[in-house]
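Okay, here's what each chain looks like letter by letter:
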Amino acid sequence: MQAALMIEARGLAKSFGPGLGVSGIDLQVPAGTIVSLLGPNGAGKTTIVRMLATLLRPDAGWARVAGHDVVAQGRAVRRRIGLTGQLASLDDCMTGRANLVMLGQLSRMSRRQARARAADLLTQFGLESAAGRAVRTYSGGMRRRLDLAASLVGGPAVLFLDEPTTGLDPDSRRALWEVVRRLAREGTTVLLTTQYLEEADQLAGHICVITGGRVAAEGTPGQLKAAAGPAKLIISLAPGADLARAAAVLARRAAGPLAAAPRPGYLEVPVVPCAGLVTSVIRDLDEAGVAVNDISLQLPTLEDAFRGLTGSAAAGLPSGDDAVSPEAAEARARAA
Amino acid sequence: MSGGTAGLGHPLAASPAAVAARGAGALAGARRRSQATAVADAAGTAGWAARDMAVLAKRTLCRMITTPEQVLNVTAQPIIIVLLFSYVFGGSITLPGHGSYREYLIGGIFAVTMCGTAQGTGIGLAIDISGGLIDRFRSLPMSRAAVLAGRTLADLALTIVAAAVTAGTGLLLGWRIHTGPADTIAALGLALLFAYAASWGGACVGMLARSAESAQTVGLLVILPLSLTSNAFISTARLTPWLRTVADWNPVSVLATACRQLLGNPDPSAAIRSWPMQHAVLASALWSAVLLAALVPLAVFLYARRVQR
Ligand SMILES: Nc1ncnc2c1ncn2[C@@H]1O[C@H](COP(=O)(O)OP(=O)(O)O)[C@@H](O)[C@H]1O
Ligand SMILES: [Mg+2]
């Protein structure tokens, strides 16, 4: 049996005027997994999260979170979710501890329970020493950590993280990733929005690429990379080498038509990476008498996928019998 | 959730069964919470709403204490107005009859100060909305009305401080209460009732405003004309008839007159033949009741609409 869906949406839509908003959003997030909504600014990520977190009423479609309808059973949904919005939603003037205690009390805990939970979270997030300070004195990373802690006060089964690392330095970002991974390991279902391909790649098992208020593509990070196109062999020929002859030799190894040379003296060959590929290409060229300066294999990145998908609306996922299998792409990504 | 829960969130396996079990209350914390919820449903949500309101009112008060600018704004303003009208304008303002202008003035400044509460409410709510804090509150299983009610309650507390400052300044300048404690308490009660009603008006402005700055501007644009077309600073006896009618029905005039009557201060309005001036105490209570009846639902409606955007 497949894991229960903690987030399920079908045809979800919200319009803010012609061309603004989101439409036809279908989502399925199994329990205990991390799914990422990946898209540029204004794509509609926040709008989707706000509808799922019962902050915004959809114009059309439906969504269920933790088994409850977001419109008809909003309060039941709110008992099971945590939300870290795009803005750090904390009271600047209050201390870190007071913020958490207040949110605990508002989550129907007694004062004592709320205090205990706050102390617990402050320890887990390494904020004990700053607990008594007003939040406005916190650094960006500390604020984000407290914000995340704040969304965990009620022990949510489903966690929404809207661009949780935007504006953070690399160290703080990695630390936050680690926390998110740990939460997912412990059974929390996470829906995370991000503009960073790397972040989606690092955290999510499944990515929905959002552009213009729609899901432009979805799949595992590997599948999306595969959609970015094949790997490329970049060959730099020695001065005076015969370009035409080199092209003829390489055509036999190419997985598709050779691209026009990006720079004079260079050749770009789409290939299916396999063991011994580079060696055999060099040997072929050597036998044909073409001198080579340098040769390198370039794997497709999620960045390529993103650019390809967001650039052309018609871009979709490759079918299973495509030249590059998703598994292979993923394995390469790991190895790289 | 007690401190006994180790790890982040809950150390449960990611199996569907575990997740389902969590919902069923497998964890002590979750069980406590769902029991509490059942009690809430049985006893009605009113109790929880009251507690949420108290928690948020406390938060707003903490915020006021840690940001003295806001308190200073509310307390310095009455002092400045009292001094300004006593020493700068007071000399060129004469009352019909023989009352002392300073004795007359304080009742008016009470009324104007009560209006000021609304501005604090509007600005505070606008800040909370733009900062994203309201979104967090709305993602919690708490009472949604408590966000507005908690804020207006805290603002009322601040208004009591402002009223005390106004009275203290007045006493220093020779203003006196000439009646007993019952009348004094009645005057304070009427003033605070009006402040509370005005505060909900401020909540409406806060919901409509794009930013804290625009909430402040709109607040000023309402409060200033309202104060200046009242009998707070001058007697309306010599105004042109249509303006006098406006001034006599103005809730600020009505409250100022009610305070003057209840505190035994000079009250030239007693000579004015208009219903609100003749029955100022009743009229002020009615004004506040009408404002509350209109503004509370309006603010709640605007809140629901605003957060849907
Ligand atoms: N309250 C609103 N009023 C009008 N337009 C909005 C509102 N919220 C979002 N939009 C528009 O909807 C689109 C999606 O916005 P958003 O969900 O915030 O995108 P993202 O989070 O991906 O950056 C944008 O074009 C934005 O301008
Ligand atoms: Mg966004």
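Keep in mind the model is a prediction, meaning the values are calculated, not measured. (Residues numbered from 1 in each chain as written. Chains lettered and ligands numbered in written order. Predicted model: local features only at pLDDT ≥ 70, side-chain atom pairs only at ≥ 80, totals over all residues. Heavy atoms only, no water.)

**Student:** So what exactly am I meant to see when it comes to the overall build of chain B here?
**Tutor:** Along the backbone of chain B there are 13 helices and 0 strands. Listing each helix as α and each strand as β along chain B from the N terminus yields α-α-α-α-α-α-α-α-α-α-α-α-α. In chain B, buried positions account for 50% of the 309 residues. Approximately 13300 Å² of chain B is accessible, and the part contributed by carbon and sulfur atoms is 72%. (Helix = DSSP H or I, 4+ residues; strand = E, 2+ residues; numbered from the N terminus. Buried < 20%, exposed > 50% of the residue type's maximum accessible area, 1.4 Å probe, protein only. Areas by Shrake-Rupley, 256 points an atom, 1.4 Å probe, with all protein chains shown as cover.)

**Student:** Looking at this structure, I do not really get a nonpolar patch on the surface. What am I missing?
**Tutor:** A surface patch of nonpolar side chains, about 510 Å² in accessible area, is lined by B:Ile79, B:Leu83, B:Leu84, B:Tyr87, B:Val88 and B:Phe89. What makes B:Leu84 partly exposed here is its relative accessible area of 34%. (Patch = residues over 30% accessible without salt bridge, like charges linked within 9 Å, V, L, I, M, F, W, Y side chains within 5 Å. Salt bridge = Lys/Arg side-chain N within 4 Å of Asp/Glu carboxyl O.)

**Student:** Where do I start with the pairing of strand E2 (residues 21–30) of chain A in this structure?
**Tutor:** Sheet faces and side chains relate simply in a regular strand, where the side chains alternate between the two faces. Residue and element names in this part refer to chain A. The pairing of strand E1 (residues 5–15) with E2 spans 7 bridges and is antiparallel. Across the sheet, the residue bridging to Ile7 is Val29, located in E2. Counting the residues in the hairpin turn of E1 and E2 gives 5 residues, including Gly17, whose phi is positive at 125°. (Pairing = 2+ DSSP bridges.)

**Student:** Explain the confidence of the model for chain A here, please?
**Tutor:** Close inspection of predicted coordinates is inappropriate for parts of the model with low pLDDT. Overall, the predicted model of chain A reaches an average pLDDT of 85, with 87% of residues at or above 70. Note that pLDDT drops below 50 for residues 312–336 of chain A; the model gives that stretch 29 contacts with residues more than four away or on any other chain. (pLDDT = per-residue confidence, 0-100. Contact = heavy atoms within 4.5 Å.)

**Student:** Looking at this model, I keep getting lost on the coordination of the magnesium ion (ligand 2). Mind explaining?
**Tutor:** Think of it this way: four donors in a tetrahedron around the metal ideally sit 109.5 degrees apart, and six in an octahedron ideally sit 90 or 180 degrees apart. Looking at the magnesium ion (ligand 2), one finds its protein donor set to be A:Thr46 (OG1) and A:Gln86 (OE1), positioned 1.9 to 2.3 Å from the metal centre. Of this pair, A:Thr46 sits in helix H1 (residues 45–52) while A:Gln86 sits in the loop between strand E6 (81–84) and helix H3 (96–106); the two residues are 40 residues apart in sequence, bridging distant segments of the chain. (Donors = N, O, S within 2.8 Å, 3.2 Å for Na, K, Ca; no water.)

**Student:** Even after reading the chapter, I still don't get the pattern of salt bridges, so can you show me in this structure?
**Tutor:** Oppositely charged side chains may form a pair once their charged atoms are brought near each other. Per the counting criterion, the structure on display carries 20 salt bridges over all chains. In this structure, B:Asp128 and B:Arg59 form a salt bridge, with 2.8 Å as the shortest nitrogen-oxygen distance. Here the residue B:Asp128 occupies a position in helix H5 (residues 101–131), and B:Arg59 occupies one in helix H3 (residues 46–66), the gap between them amounting to 69 residues. By relative accessible area, which is 4% here, B:Arg59 ends up buried. Taking the shortest distance from any N to any O, the salt bridge between B:Arg244 and B:Asp248 comes out at 3.7 Å. Taken together, the residues span about one helical turn, with B:Arg244 and B:Asp248 both in helix H10 (residues 241–249) at a distance of 4 residues. The class for B:Asp248 is buried, based on a relative accessible area of 2%. Among the charged side chains, a salt-bridge network with shared partners connects A:Asp91, B:Arg59, B:Arg63, B:Asp128, B:Arg151 and B:Asp155.

**Student:** What should I look at first to understand the sheet that holds strand E3 (residues 34–38) of chain A in this one?
**Tutor:** The pairing of strands in a sheet happens through backbone hydrogen bonds and is either parallel or antiparallel. Residues and elements named next belong to chain A. In spatial order, the strands read E6-E7-E8-E3-E9-E10; together these 6 strands make up an open sheet with mixed pairing. In this open sheet, the two edge strands, each paired with only one partner strand, are E6 and strand E10 (214–219). On average, adjacent strands in this sheet sit at an angle of 15° to one another, irrespective of strand direction. With 5 bridges connecting them, strand E7 (residues 158–162) and strand E8 (residues 189–194) associate as parallel partners. Opposite Phe160, over in E8, you have Leu191 as the bridge partner. The sheet strands contacting H1 are E3, E6, E7, E8 and strand E9 (206–211), and the helix crosses E8 at an angle near 155°. (Axes fitted to C-alpha atoms, helices over the stretch in contact; angles between N-to-C directions.)

**Student:** So what exactly am I meant to see when it comes to the nonpolar core here?
**Tutor:** Nonpolar side chains in soluble globular proteins tend to be buried together. Core analysis: the biggest nonpolar cluster contains 107 residues, and A:Leu100, B:Phe137 and B:Phe233 have the highest contact counts within it. Broken down by element, this core gets its largest block of residues, 12 residues, from H5(B). Setting aside chain neighbours within four positions, we find B:Phe233 in contact with B:Ile81, B:Phe85, B:Ile93, B:Tyr101, B:Tyr104, B:Leu105, B:Ile109, B:Val112, B:Ser227 and B:Leu228. (Core = buried A, V, L, I, M, F, W, Y, C linked by side-chain atoms within 4.5 Å.)

**Student:** Sorry, what's going on with helix H9 (residues 243–251) of chain A here?
**Tutor:** In an α-helix, one turn spans 3.6 residues; hence positions three or four apart end up facing the same way. Residue and element names in this part refer to chain A. Along H9, the residues that are buried comprise Ala246, Val249 and Leu250. With its buried residues spanning 95° around the axis, H9 presents them on a single face. Against the buried residues of H9 lie strand E11 (231–237), strand E12 (266–271) and helix H10 (277–287). At the N-terminal end of H9, a side-chain oxygen is found 3.1 Å from the backbone nitrogen of Ala244, two or three residues along, and the residue is Asp242. (Arc of directions from axis to C-beta. Polar contact = N/O pair within 3.5 Å; in protein donor to acceptor, adjacent residues only side chain to side chain.)

**Student:** Quick question: what am I supposed to make of the packing of aromatic side chains here?
**Tutor:** The description of an aromatic ring pair uses the distance of the two centres, along with the angle that the planes make with each other. Residues and elements named next belong to chain B. On inspection of all chains with the given rule, the structure shows 6 aromatic pairs over all chains. Judged by centre distance (6.2 Å) and plane angle (85°), the ring pair of Tyr196 and Trp200 falls under edge-to-face. Taken together, the positions of Tyr196 and Trp200, both in helix H8 (residues 181–208) and 4 residues apart, correspond to about one turn of that helix. Judged by its relative accessible area of 5%, Trp200 falls in the buried class. For the ring pair Trp249 and Trp275, a centre distance of 6.5 Å and an interplane angle of 20° mean the geometry is stacked. Taken together, the positions of Trp249 in helix H10 and Trp275 in helix H12 (residues 275–278) put the pair 26 residues apart, joining distant regions of the chain. Of the residues examined, Trp249 reaches a relative accessible area of 45% and is grouped as partly exposed. Here the aromatic cluster, defined as three or more aromatic residues joined through ring pairs, consists of Phe85, Phe89 and Phe233. (Phe/Tyr/Trp six-rings, centres within 6.5 Å; stacked < 30°, edge-to-face > 60°.)

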